[in-house]
Amino acid sequence: MTAVLKFKQAIANQLSKHTPCQPKDITTFMRPSKKQQGHISIALPKLNASLQDPTPHQDLVAWTQRIADNFEPNEFIESASADTTNLFFKFNQSEFTKQVLQQVYHDNKSYGWSHLPKPTASQRTVLIDYSSPNIAKPFHAGHLRSTIIGNFIRIIHEAVGYNVIGINYLGDWGKQYGLLAVGFEKYGDESKLISDPIHHLYQVYVQINADAKQDSEIDRRANEYFKKMEEGDPTALEQWSRFRDMSIKSYASIYERLNVKFDVYSGESQVNPYIQQAQDLLHQKNLLTRTNDGAYAVDLEQYKLGKVVVQRADGTSLYVTRDLASVLMRKQVYPFQKAIYVVGSEQSNYFKQMFQISNLMVDTKLDLQHVGFGRIKGMSTRKGTVVFLQDILDTAKERILEYMNANAEKSQIKDIDTIADQLGMSAILIQDMKSKRGKDYEFSWERMTDARGDTGVFLQYAHARACGIERKSGIEITPHVDFSILKEKEALDLIQSISTFPEVVENALQSLEPSTLVNYLFKLSHATSAASAFLRVKDMDTDTSKARMLLFWSARATLRNGLHLLGIKPIKKM
Ligand code: ARG
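Keep in mind it's a predicted model, so treat the numbers as computed, not measured.

K.L.:
Tell me about the UniProt feature "domain: DALR anticodon binding" (unreviewed entry) in the protein, residues and numbers included.
P.N.:
Summarizing the sequence annotation, UniProt attributes the feature "domain: DALR anticodon binding" (unreviewed entry) to residues 459-574 in the numbering used throughout. The span residues 459-574 shows a helical share of 71% and a strand share of 0%, and its end C-alpha atoms are spaced 12 Å apart.

K.L.:
Describe the environment of Phe-355, listing the residues and the values that go with them.
P.N.:
Locating Phe-355 in the fold gives a position in helix H13 (residues 348-362). In this structure Phe-355 comes out as buried when scored by relative accessible area, which is 12%.

K.L.:
With reference to specific residues and values, describe the sheet that holds strand E5 (residues 163-170).
P.N.:
With parallel pairing, the five strands of this open sheet are ordered in space as E6-E5-E4-E10-E11. If you trace the sheet from one side to the other, it starts and ends with strand E6 (264-267) and strand E11 (368-371), each paired once. Strand-to-strand twist in this sheet, taken as the mean axis angle between neighbours without regard to direction, amounts to 25°. Of the pairings in the sheet, the one linking strand E10 (residues 338-342) to E11 comprises four bridges and is parallel in character. Note that in E11 the partner of Ala-339 across the bridge is Leu-368.

K.L.:
An account of the packing of aromatic side chains is requested, with residue identities and associated values reported.
P.N.:
Here the distance between the centres and the angle between the planes together describe a pair of aromatic rings. If you walk through the whole model with that rule in mind, you get 22 aromatic pairs. Both rings, one in Phe-7 and one in Phe-76, keep their centres 4.7 Å apart while their planes meet at 55°; by these two values the pair is tilted. With Phe-7 in helix H1 (residues 3-16) and Phe-76 in the loop between helix H3 (60-69) and strand E2 (77-82), the pair connects residues that are 69 residues apart, well separated along the chain. Look at Phe-7 and you get buried, because its relative accessible area is 0%. The class for Phe-76 is buried, based on a relative accessible area of 11%. Ring plane angle 65° and centroid distance 5.5 Å describe the contact between Trp-173 and Phe-226, whose orientation is recorded as edge-to-face. Here Trp-173 is found in the loop between E5 and helix H6 (175-187), whereas its partner Phe-226 is found in helix H9 (residues 216-230), with 53 residues between them in sequence. The class for Trp-173 is buried, based on a relative accessible area of 4%. For Phe-226, a relative accessible area of 11% corresponds to the buried category. Of the aromatic side chains, those joined through ring pairs into one cluster are Tyr-130, Tyr-251, Tyr-255, Phe-262 and Tyr-265.

K.L.:
Give me the lowdown on a positive patch on the surface, citing residues and values where you can.
P.N.:
Positive charge collects at one region of the surface, where Lys-414, Arg-471, Lys-472, Lys-538 and Lys-573 lie side by side. Within the secondary structure, Arg-471 is located in helix H17 (residues 456-473). Its relative accessible area of 44% is what places Arg-471 among the partly exposed residues.

K.L.:
Break down the site of the ligand for me, with residues and values.
P.N.:
In the vicinity of the ligand, the residues found are Asp-129, Ser-132, Asn-134, His-143, Tyr-169, Tyr-319, Asp-323, Tyr-341, Val-343, Gln-347 and Phe-351. Ser-132 is positioned such that a nitrogen or oxygen atom in its backbone is 3.0 Å from a nitrogen atom of the ligand. Take Asp-323: an N or O atom from its side chain is 2.7 Å from a nitrogen atom of the ligand. Relative to its unbound accessible surface of 350 Å², the ligand loses 90% to contact with the protein. Partitioned by chemical class, the residues of the shell around the ligand number five nonpolar, four polar and two charged.

K.L.:
Lay out the sheet that holds strand E3 (residues 86-91) with the relevant residues and their values.
P.N.:
With antiparallel pairing, three strands are arranged side by side in an open sheet as E1-E3-E2. Of all the strands in the sheet, the pair left with one neighbour each is strand E1 (39-43) and E2. Geometrically, the sheet is characterised by an average inter-axis angle of 20° between neighbouring strands, direction not taken into account. Where E2 meets E3, five bridges bridge the pair, whose relative direction is antiparallel. Directly across from Ile-77, in E3, lies its bridge partner Phe-91. Where H1 meets the sheet, its contacts fall on E1, E2 and E3, and the angle it forms with E3 comes to roughly 125°.

What counts as what
- Residues numbered from 1 in each chain as written.
- Predicted model: local features only at pLDDT ≥ 70, side-chain atom pairs only at ≥ 80, totals over all residues.
- Heavy atoms only, no water.
- UniProt positions renumbered as here; feature names shortened; annotations may be inferred.
- Helix = DSSP H or I, 4+ residues; strand = E, 2+ residues; numbered from the N terminus.
- Buried < 20%, exposed > 50% of the residue type's maximum accessible area, 1.4 Å probe, protein only.
- Pairing = 2+ DSSP bridges.
- Axes fitted to C-alpha atoms, helices over the stretch in contact; angles between N-to-C directions.
- Phe/Tyr/Trp six-rings, centres within 6.5 Å; stacked < 30°, edge-to-face > 60°.
- Patch = residues over 30% accessible without salt bridge, like charges linked within 9 Å, V, L, I, M, F, W, Y side chains within 5 Å.
- Areas by Shrake-Rupley, 256 points an atom, 1.4 Å probe, with all protein chains shown as cover.
- Salt bridge = Lys/Arg side-chain N within 4 Å of Asp/Glu carboxyl O.
- Lys, Arg positive; Asp, Glu negative; His and termini not counted.
- Charge placed at Lys NZ, Arg CZ, Asp CG, Glu CD.
- Near = heavy atom within 4 Å.
- Polar contact = N/O pair within 3.5 Å; in protein donor to acceptor, adjacent residues only side chain to side chain.
- Nonpolar A, V, L, I, M, F, W, Y, C, P; charged D, E, K, R; others polar.
- Contact = heavy atoms within 4.5 Å.

This is the structure we're talking about:
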């Protein structure tokens, strides 16, 4: 149980003497107003609204007066009083401080989620489909967001104890591979392919696309080639699979740089064996209707989702057909209880349709969830509009290096290159996750690398600074300190901030909304720097030093855990 919950429980127990009350009914906590410092104030209308049975409280004022009159002190709450709008509980501050800091000390690397119930066997396996770029096409901003947000969703589930299967569902099938093959015959360069497959294949793809616009013969040959691929022609498949393997390999190194992991590189090409099965199921369940031009569609009008073509007139599959087949494949190969698709919000309607057809196809309500996000606007580097993820990462790093080189303290940093890369990555990640994911945002190099603004660079500085306090003071971290020493406003604010982290994690897991966590970390870091400006650790009497050191260590551990959930490696020295 978290420290906050223990205190809420203590209050709920008091209220329960008069009407049933749960800790969760206490919605306001530890946000004491200035004049009520040391008190938890609960606004009556709010309390009344959250109670299951508010009926006995027609006369709230009389009710709360009764609670105050019958109050019995305990280790957490010292006294109670009421006025016409609020109920006040004076809490035992040093007991609270002790509960919070000892919990951080004890849980350490799992502080924030150790209190959450472990998922039961019947809900344990969660499949997450994220990143999913298209081979030989640009890795666009949407793929970057899917990678970042998907990775967060993965880590937070893993932390809580879910068995996560992270799938990179590559766009690696379709007519464009026929085109790419024709293009490679004309423009392919083996050595360029080997040294940089992503760039080279993209170049070839752009060139042959331009040619195809002039010459319909190219299109015909591309179709022919793709048909050979679909028929399983070994030579056609060999080249395609070589392109695919090379692309995966070079993506993998970028993902590694980003600290992003997948369990499976799958893709549209891998679901072929299940396409027939999907079509048969749809047929058996009488879900297919023939369209005028001979294609097959599923009619979802009764769900207000229109008609969805699932098989072309020439028998070939579409994006949706392959997604339906992949649901069948995933059910069989990675039996999941829940599947999360992290894809831009422009595909929201598509996923509603696909999920509805899936449920009809297997005749069960599958737990499928689309986690959408808005667009990034204006993402460009000095080379122009962005096509490659690597350019974004390199530009971020360059900018940080420029800043660091201009900074007088640079000589102290040993591995400036690695640090700059990590800072650049943090800047990109935090910019991406700081606003609600559904919103569009404007990409800005200036804003994201500003060490004083609310940025990834700022969070990393805060972490490194806190590490510095530990290093410089040389004081041992111990959970047995005199907690009553921590009584300054800055200390109390920081303790309060640390105490709410578990609640923030719980909310972020619920909403799959990383911005909740990012904004919390900004507040925590501000509270930490306010406290560190005011509360010396070194050269104080031993008891004060020890108590403050534990406080700063706890703040740092909390920040580190938060960064970990966001997929960011905290920097210790910079
Ligand atoms: N490759 C697709 C795109 O770039 C995203 C795939 C998302 N996942 C899925 N199962 N449909 O738009």
